[in-house]
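# Chains, contacts and geometry: an overview
The primary structure of each chain is shown beneath.
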Amino acid sequence: HYSFNDNHIDFTAQEAKNFKGDTIPLSKKEAMLLKLLIENKNEVVSREKILQTVWGYQVFPTTRTIDNFILNFRKYFEKDQHNPKHFQSVRGVGYKYTE
């Protein structure tokens, strides 16, 4: 379990409850990516590390796939998804989660 800014994530059940009270089912990949970002809180996680950890060495989706996951996280958890506080892009490097 992990909570931040009125959002709650249950990794075991693969679901989240956001600040609006919506229950959001999470795919296995979404849960893995959330866990990776949270475990590396305040640190930039490179696209390469995300691809290796979440998708594995053999399967490399396009980098747009990661972008789409981050966009979904912003929709789920950010009060203002156009000015994200928690899920930030670091141009040319990767992504960062901050509380």
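Rules used throughout
Note that residues are indexed from 1 along each chain, following the sequence as it is written. Restriction of local features to residues with pLDDT of at least 70 applies here, the model being predicted, together with a cutoff of 80 or more for giving and counting side-chain atom pairs; totals for whole chains, interfaces and linings are based on all residues. Hydrogens and water molecules were not included; the side-chain quantities draw on all heavy atoms of the structure. Salt bridges are defined by distance alone: a side-chain nitrogen of Lys or Arg within 4 Å of a carboxyl oxygen of Asp or Glu. Helix numbers and strand numbers start at the N terminus; a helix is a DSSP run of H or I with at least 4 residues, a strand a run of E with at least 2. For every residue, the accessible area (1.4 Å probe, protein chains only) is compared with the maximum for its type, and the residue is labelled buried under 20%, exposed over 50%, or partly exposed between those bounds. Think of it this way: a Phe, Tyr or Trp ring, Trp meaning its six-membered ring, pairs with another when their centres are within 6.5 Å, and the plane angle makes it stacked under 30 degrees, edge-to-face over 60, tilted otherwise. When DSSP finds two or more bridges between a pair of strands, those strands are recorded as paired.

## Regarding the pattern of salt bridges
- Evaluation of the coordinates by the stated rule reveals 3 salt bridges.
- The closest approach of N and O atoms between Lys-41 and Glu-99, which form a salt bridge, is 3.2 Å. With Lys-41 in the loop between helix 1 (28-39) and strand 5 (44-46) and Glu-99 in the segment after strand 7 (94-97), the pair connects residues that are 58 residues apart, well separated along the chain.
- Look at Lys-41 and you get partly exposed, because its relative accessible area is 34%.

## Let's talk about the packing of aromatic side chains
- The tally for this structure, following the rule as stated, stands at 12 aromatic pairs.
- Here the aromatic rings of Trp-55 and Phe-69 are separated by 5.3 Å at their centres, their planes lie at 75°, and the arrangement is edge-to-face. Note that Trp-55 is positioned in helix 2 (residues 47-55) and Phe-69 in helix 3 (residues 63-77), a separation of 14 residues in sequence.
- By relative accessible area, which is 13% here, Trp-55 ends up buried.

## Quick word on unusual backbone geometry
- Positive phi is not limited to glycine here, since Asn-5 has a value of about 45°.
- Examined against the element boundaries, Asn-5 turns out to sit in the loop between strand 1 (2-4) and strand 2 (7-10).
- Of note in this structure, Gln-14 is not a glycine but carries a positive phi near 55°.
- Along the chain, Gln-14 turns up in the loop between strand 2 and strand 3 (15-17).

## Some words on the pairing of strand 2
- Two elements, strand 1 and strand 2, share 3 bridges in a ladder whose sense is antiparallel. Looking at strand 2, one finds that Ser-3 is bridged to His-8.
- The hairpin formed by strand 1 and strand 2 contains 2 residues between the paired strands, and Asn-5 there has a positive phi angle of roughly 45°.
- With 3 bridges joining them, strand 2 and strand 3 adopt antiparallel strand pairing. Within strand 3, the residue paired with Asp-10 across the bridge is Glu-15.

So far we have only geometry, and geometry alone does not tell us how the molecule works.
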